[in-house]
Amino acid sequence: MKTMAIPQLYYPFESQLNPNVLKVKEHNDNWVIRLKLKDINHLEEYYEENYTYLMARFYPNAGYEKLCIATDFIALLFLIDDQLDNPAQKNDIHKELAIKGFVERLMKIVKQEVSIYESEDHPILNALKDIWKRLILVAEEKCLISFVHEINNLFDVAIWESENLTQNRIPKSEEYIEKRRYLSAANIANNLIEFLEEITLPVYLKNDPVIQELNKLSEIVIGISNDLFSLNKERMFDHTHNLVAILEHEKELDLEKSICLAAEIHDSSVKKFIELSQHLPVCSEEESEELKRYIKALELQMIGNLEWSLNDTKRYQFTYQNSLING
């Protein structure tokens, strides 16, 4: 199948890479084998998807142990997502019920409503318990509470998507863009910034409307870019929950124009982020320095997602160019 041509996206940011990346990749590759998350015949495919480099670009200053936890967790989310997107089960009511039940079991683990030291009947559940055992040793209680909240948001939206697919419902673009930032786990990535990069923001700054909007915009950017990068694969499975497909349906556009419009929405969100970041709340000098580090971390995630998708992973197949955006 011919790969999709994606316009060059607007990213005036510089990427960084964590120096622990190779050690963490070795750990993660071995972890997937130990937890039996991939069949031995599909290990090479997993290695080429290279989730370690995504996390190493997102958190260039994180220590080895913390980066291992983040990498294992994001890899697990990708593996869960691949199972949910299995085209053989799409639009099956039993799948919807199974997703809800499985999500309940996952949430019981992160809420520690079940023992994290007892073995489960599914590799994904055992992997999550393994991550959680390590996380509770290094994360503060307030970090865990916030993390659990964002995980719950992600799975709520995964169930929303499953219900839409079961009912053949195509959401409006505005609703979808709002939800997509959870499906991409960008909310999870943002939530981990303070923990992994060792940034401390007071509650009043985290709750400030400007900071909240910057978080949201960076998550939207990652979600839309992921839709563009994964478009080729999703069209093979006739997956309707992709911004390009939604714009085709909603605006009655052809594929090329829908791709261009999605790219324009993406670029507009990046520009809004840059403009808004020039109007940060007034705070003390020390808090201002931490806030600047936090904004930089958001930028690193946006550009890091692009660099990973272009250079580090074989998960997506697309042609990256700038000819369409002016077409």
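Now for a description of the structure that goes with this document. (Residues numbered from 1 in each chain as written. Predicted model: local features only at pLDDT ≥ 70, side-chain atom pairs only at ≥ 80, totals over all residues. Heavy atoms only, no water.)

1. Considering the overall build of the chain
Each helix and strand counted, the chain has 16 helices and two strands in total. Seen through its C-alpha atoms, the chain measures out along the principal axes to roughly 55 × 55 × 35 Å. Taking all 327 residues of the chain together, the buried fraction comes to 53%. Sequence separation of at least 24 residues holds for 76% of the intrachain contacts in the chain that already meet a minimum separation of 6. On the chain, the mean spot of the 36 positive side-chain charges and the mean spot of the 55 negative ones are 2 Å from each other. (Helix = DSSP H or I, 4+ residues; strand = E, 2+ residues; numbered from the N terminus. Buried < 20%, exposed > 50% of the residue type's maximum accessible area, 1.4 Å probe, protein only. Contact = heavy atoms within 4.5 Å. Lys, Arg positive; Asp, Glu negative; His and termini not counted. Charge placed at Lys NZ, Arg CZ, Asp CG, Glu CD.)

2. Focus: helix α7 (residues 141-166)
Because each turn of an α-helix spans 3.6 residues, side chains separated by three or four positions in sequence point in the same direction. Relative to the 38 Å expected for 26 residues at 1.5 Å per residue, α7 spans 38 Å between its end C-alpha atoms, a close match to the ideal helical length. Positive phi shows up at N168, right after α7, with a value of about 55 degrees. (Expected span 1.5 Å × (residues − 1).)

3. Topic: the packing of aromatic side chains
Taken as a whole, this structure holds twelve aromatic pairs when the rule is applied. Relative to W308, the ring of Y51 lies with its centre 6.1 Å away and its plane at 35 degrees, an arrangement referred to as tilted. In this pair, Y51 is assigned in helix α3 (residues 51-58) and W308 in helix α16 (residues 285-312), connecting sequence segments 257 residues apart. Residue classification places Y51 among the buried positions, given a relative accessible area of 1%. A network of ring pairs unites the aromatic residues Y46, Y47, Y51, F78, W308 and Y316 as a single cluster. The ring centre of F195 lies 4.5 Å from the NZ or CZ of K66, which sits over that ring. Taking NZ or CZ as reference, K179 lies 5.5 Å from the ring centre of W160, over its face. (Phe/Tyr/Trp six-rings, centres within 6.5 Å; stacked < 30°, edge-to-face > 60°. Lys NZ or Arg CZ within 6 Å of the ring centre and 35° of its normal.)

4. So, the environment of Q317
Note that Q317 resides in the loop between α16 and β2 (318-321). The spatial distance from the C-alpha of Q317 to the C-alpha of N152 is 30 Å, given a sequence separation of 165 residues. Residues in contact with Q317, not counting those within four places in the same chain, are T3, M4, F229 and N232. Polar side-chain contacts of Q317 include one of 2.8 Å to the backbone oxygen of K314. (Polar contact = N/O pair within 3.5 Å; in protein donor to acceptor, adjacent residues only side chain to side chain.)

5. What about the packing of helix α1 (residues 21-34) against α3?
Relative orientation of the contacting elements α1 and α3 amounts to 140 degrees, with a least axis distance of 9 Å. On the basis of their axis angle, the class for α1 and α3 is oblique. The crossing of α1 and α3 is right-handed. Where α1 approaches α3, its residues V21, L22, V24, K25 and N28 are matched on the opposing element by T52, Y53 and A56. Residue classes in the contact of α1 with α3 are distributed as five nonpolar, two polar and one charged. (Axes fitted to C-alpha atoms, helices over the stretch in contact; angles between N-to-C directions. Parallel < 35°, antiparallel > 145°, perpendicular 65-115°, else oblique. Left-handed = near helix turned anticlockwise from the far one by under 90°. Nonpolar A, V, L, I, M, F, W, Y, C, P; charged D, E, K, R; others polar.)

6. Notes on α1
Compared with the 20 Å implied by 1.5 Å per residue over 14 residues, the 20 Å span of α1 between its first and last C-alpha is a close match. Burial in α1 covers these residues: V21, V24, K25, H27, N28, D29, W31 and V32. In the core, the buried residues of α1 are packed alongside α2 (43-49), α3, α4 (64-84) and α6 (123-138). Phi for K36, located one or two positions after α1, is positive at around 60 degrees.

By themselves these figures say nothing about function.
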